[in-house]
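Coordinate analysis (summary)
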Amino acid sequence: SSISTYKLFETFITIDSNSKKDQCSEDISSEELMRFCGIKSRIFERLLTSLAKACNQYNNRVDFKAFCSVIWNICTADSSIFAKFAFDIFDIDNIDRISIPECDALLRMVHNCDTADPAKLDAIKERADKMCHSDGDEEIMISRVEFVNLVQAFPDLLQPLFDIRKCIRHKTNLSEKNW
């Protein structure tokens, strides 16, 4: 609706003018958006960069049109979309499987910490062991589908991404029905 678009435009201008001391540059950076939201997170930065590239914005800055697309994608994403996004960051070889050490790195990135929560990592290991994607000496792997199912069963694995979505929804001053 036009009211929603106007509220997004107000948010965009607020972010842009806050960083430029009342001078609008007509685009904002991921750092400016993170500062506005009060979030400093490696996964949030990665998410913003990926979404900006999807909008053909390659200089780490987005114009208003791309900003709307980025906000829309974050605010409407469900747990499976966030799970696939996080998984894809670590599935570098595109085999639709990631190892337990890669899951450890994924959890550290998502939770912005130096050490992954052992309980969360154990849940992933247990699920991977049950699916048994290993033949003895091979590394245990978890598939994309299994990881998505795991996140749906244990949303706290990616809770910081859901918190980012909640924060952005709140900061844009749009009601829940808009998302």
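In what follows, the accompanying structure is described. (Residues numbered from 1 in each chain as written. Predicted model: local features only at pLDDT ≥ 70, side-chain atom pairs only at ≥ 80, totals over all residues. Heavy atoms only, no water.)

Another point: the pattern of salt bridges. One pass over the structure, following the stated rule, counts 5 salt bridges. Measuring nitrogen to oxygen at the nearest pair gives 2.9 Å for the salt bridge that ties R108 to D104. Of this pair, R108 and D104 both sit in helix α6 (residues 100–110), 4 residues apart, which is roughly one turn of the helix. On the basis of relative accessible area, R108 is assigned to the partly exposed category, the value being 27%. Here D156 makes a salt bridge to K120, at a shortest N to O gap of 3.6 Å. You can see D156 sitting in the loop between α8 (144–153) and α9 (159–171) and its partner K120 sitting in helix α7 (residues 118–131), a full 36 residues away along the chain. D156 gets classed as partly exposed once you look at its relative accessible area, which sits at 35%. Note on K120: relative accessible area 14%, which makes it buried. (Salt bridge = Lys/Arg side-chain N within 4 Å of Asp/Glu carboxyl O. Helix = DSSP H or I, 4+ residues; strand = E, 2+ residues; numbered from the N terminus. Buried < 20%, exposed > 50% of the residue type's maximum accessible area, 1.4 Å probe, protein only.)

The next subject is the nonpolar core. Core analysis: the largest hydrophobic core is formed by 56 residues, its most contacted members being F44, F67, I74, L106, I124 and L158. With residues up to four places along the chain from it excluded, the contact list for I74 reads F44, L47, L48, L51, F82, I164, R165 and I168. (Core = buried A, V, L, I, M, F, W, Y, C linked by side-chain atoms within 4.5 Å. Contact = heavy atoms within 4.5 Å.)

Looking at where M141 falls in the secondary structure, it is placed in strand β4 (residues 141–143). Separated by 45 residues in sequence, M141 and D96 place their C-alpha atoms 9.5 Å apart.

The next point concerns helix α2 (residues 30–37). Summarising burial for α2: 6 of the 8 residues are buried, a large majority. The set of residues buried in α2 consists of S30, E32, L33, M34, F36 and C37. Following α2 by one or two positions, G38 adopts a phi angle in the positive range, close to 75 degrees.

This part takes up unusual backbone geometry. A positive phi angle, close to 55 degrees, is found at N94, a residue other than glycine. The residue N112 is not glycine, and still its phi comes out positive at about 55 degrees. You can see N112 is positioned in the loop between α6 and α7. Judged by relative accessible area, N112 falls into the partly exposed class, the value being 37%.

All chains considered together, the criterion is met by 6 aromatic pairs. Site record: aromatic cluster; members linked through ring pairs are F9, F12, F64 and F67. Lying over the aromatic face of F36, K171 brings its terminal NZ or CZ to 5.1 Å of the ring centre. (Phe/Tyr/Trp six-rings, centres within 6.5 Å; stacked < 30°, edge-to-face > 60°. Lys NZ or Arg CZ within 6 Å of the ring centre and 35° of its normal.)

Attention now moves to empty space enclosed by the protein. One pass over the full model with this rule turns up 1 cavity of 30 Å³ or more. One number sums up the size of the largest cavity: a volume of about 90 Å³. Around the largest cavity sit I28, S29, S30, L33, L48, T49, A52, N60, R61, V62, F67 and V70, which together line it. Contributing elements (two or more residues each) for the lining of the largest cavity: β1 (28–29), α2, α3 (42–54), β2 (61–62) and α4 (64–76). The biggest single contributor to the lining of the largest cavity is α3, with 3 residues. Tallied by class, residues from the lining of the largest cavity come to 7 nonpolar, 4 polar and 1 charged. (1 Å grid on protein atoms, 1.4 Å probe; cavity = no way out; pocket = protein on both sides within 12 Å on 5 of 7 lines; lining within 4 Å. Points joined across faces, edges and corners; volume = space filled by probe spheres on them. Nonpolar A, V, L, I, M, F, W, Y, C, P; charged D, E, K, R; others polar.)

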